[in-house]
Amino acid sequence: MMAPLLEEEENYVRLALLLKGVSPRAVRSYFDREFPPTYLPSTLNTNYNTLCDLKLKRVLNQAQWNLLFPRNGVPVSTTFDVTLMICLIRNLTSVTQPINGFDSLPLPVETTPGPDLARIKWYRNILAHHDSNKMATGDFNTAWSNISDAVSRLGGQPMNQECQELKVKILDQSNQEIMLEIKQSQEKIKELSQTVDILGTEHTEVTENLRKLQVSHITLQTEHTEVTELLKDPIPWNIRGMLYSYRKGCRVI
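Note that the coordinates shown come from a computational prediction; the quantities given were computed from them, not determined experimentally. (Residues numbered from 1 in each chain as written. Predicted model: local features only at pLDDT ≥ 70, side-chain atom pairs only at ≥ 80, totals over all residues. Heavy atoms only, no water.)

Engineer: I keep staring at helix 5 (residues 82-92) and nothing clicks. Help me out?
Structural biologist: In an α-helix, one full turn covers 3.6 residues, which means residues spaced three or four apart are oriented alike. Extensive coverage of helix 5 is indicated by the burial of eight of its 11 residues. Burial in helix 5 covers these residues: Val82, Leu84, Met85, Ile86, Cys87, Leu88, Ile89 and Leu92. Packing partners of the buried residues in helix 5 comprise helix 1 (7-34), helix 2 (40-46), helix 3 (48-56), helix 4 (62-68) and helix 6 (113-128). (Buried < 20%, exposed > 50% of the residue type's maximum accessible area, 1.4 Å probe, protein only. Helix = DSSP H or I, 4+ residues; strand = E, 2+ residues; numbered from the N terminus. Contact = heavy atoms within 4.5 Å.)

And the structure:
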């Protein structure tokens, strides 16, 4: 049985539940209003060139592209994650962009859908790169207020009530198991990060060795060209001059 969670650990778990469980449904609720499910396939087809350009710019990856244009069946928003939905809303609708753009935390006075989407996106990134499974209560309360307000505006009153209940509900064993999964995931992320660092170092070494090989290849090519030029003349000019002087000397004697 797991030990009871500390308050700061509970804060982290609650915020994870809000961002991973509730906020995606709020974003999807808004997304489906902008892209009615019945017309989603035709809308994506109409904007194919725009989406293709986003893929070329690597804004969309191949996995996301496969969801937008599946080989079998039709696209449905229930398969889209928050990142993909926000990307489509940003690029295919007239949603108002936050003053500081979609990649920053919007100002408190910005409460339209665009800033609310950016708010959720920003906090999801913060959680994903958080280097601890704890969160100070002050930071938690600020984040919760910002996220739950955005969720309520995007998803309506029922989700507002869900946010309020989630903040105070007793975390049962299944919720506490989330913390164990988070801890295990963080360890895996650290291991993957170390692996990436090692691969990066090895890639640098391989690149340097390749550069040295290229330099050596160029040097050999140059030497080969010089030897080839010499071989074209059986008696190089300097040796020919020496022979001429020698022969001339012999005639004098």
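Engineer: Teacher, can you tell me more about the packing of aromatic side chains here?
Structural biologist: Counted according to the given criterion, the structure contains seven aromatic pairs. Taking 5.5 Å as the distance between ring centres and 65 degrees as the angle between the ring planes, the aromatic pair formed by Tyr48 and Trp65 counts as edge-to-face. Placement of Tyr48 in helix 3 and of Trp65 in helix 4 is noted, with a sequence separation of 17 residues between them. Connected via pairs of aromatic rings, a cluster forms that spans Phe31, Phe35 and Phe80. Geometry around Trp65 places Lys55 over its ring, the cationic atom sitting 5.8 Å from the centre. (Phe/Tyr/Trp six-rings, centres within 6.5 Å; stacked < 30°, edge-to-face > 60°. Lys NZ or Arg CZ within 6 Å of the ring centre and 35° of its normal.)

Engineer: Which parts of the structure should I look at to understand the nonpolar core?
Structural biologist: The nonpolar side chains of soluble globular proteins are, as a tendency, buried together. If you look at the biggest cluster of nonpolar residues, it comprises 50 residues, and the most contacted ones within it are Leu15, Leu51, Leu68 and Leu88. Counting only elements with at least two residues in this core, the list comes to helix 1, helix 2, helix 3, helix 4, helix 5, helix 6, helix 7 (137-155) and helix 8 (157-168). Ignoring sequence-local partners within four residues, the contact set of Leu88 consists of Phe31, Phe35, Leu51, Leu68, Phe80 and Thr93. (Core = buried A, V, L, I, M, F, W, Y, C linked by side-chain atoms within 4.5 Å.)

Engineer: What exactly am I supposed to notice about the packing of helix 3 against helix 5 here?
Structural biologist: Each pair of packed helices gets described by two things: the angle between the helix axes and the distance between those axes. For the pair helix 3 and helix 5, the least separation of the axes is 11 Å and the interaxial angle reads 120 degrees. In terms of their interaxial angle, helix 3 and helix 5 are classed as oblique. With respect to the hand of their crossing, helix 3 and helix 5 are arranged in right-handed fashion. Counted together, Thr50, Leu51 and Leu54 of helix 3 and Cys87, Leu88, Asn91 and Leu92 of helix 5 form the full contact between these two elements. Its residues placed into classes, the contact of helix 3 with helix 5 shows five nonpolar, two polar and no charged. (Axes fitted to C-alpha atoms, helices over the stretch in contact; angles between N-to-C directions. Parallel < 35°, antiparallel > 145°, perpendicular 65-115°, else oblique. Left-handed = near helix turned anticlockwise from the far one by under 90°. Nonpolar A, V, L, I, M, F, W, Y, C, P; charged D, E, K, R; others polar.)

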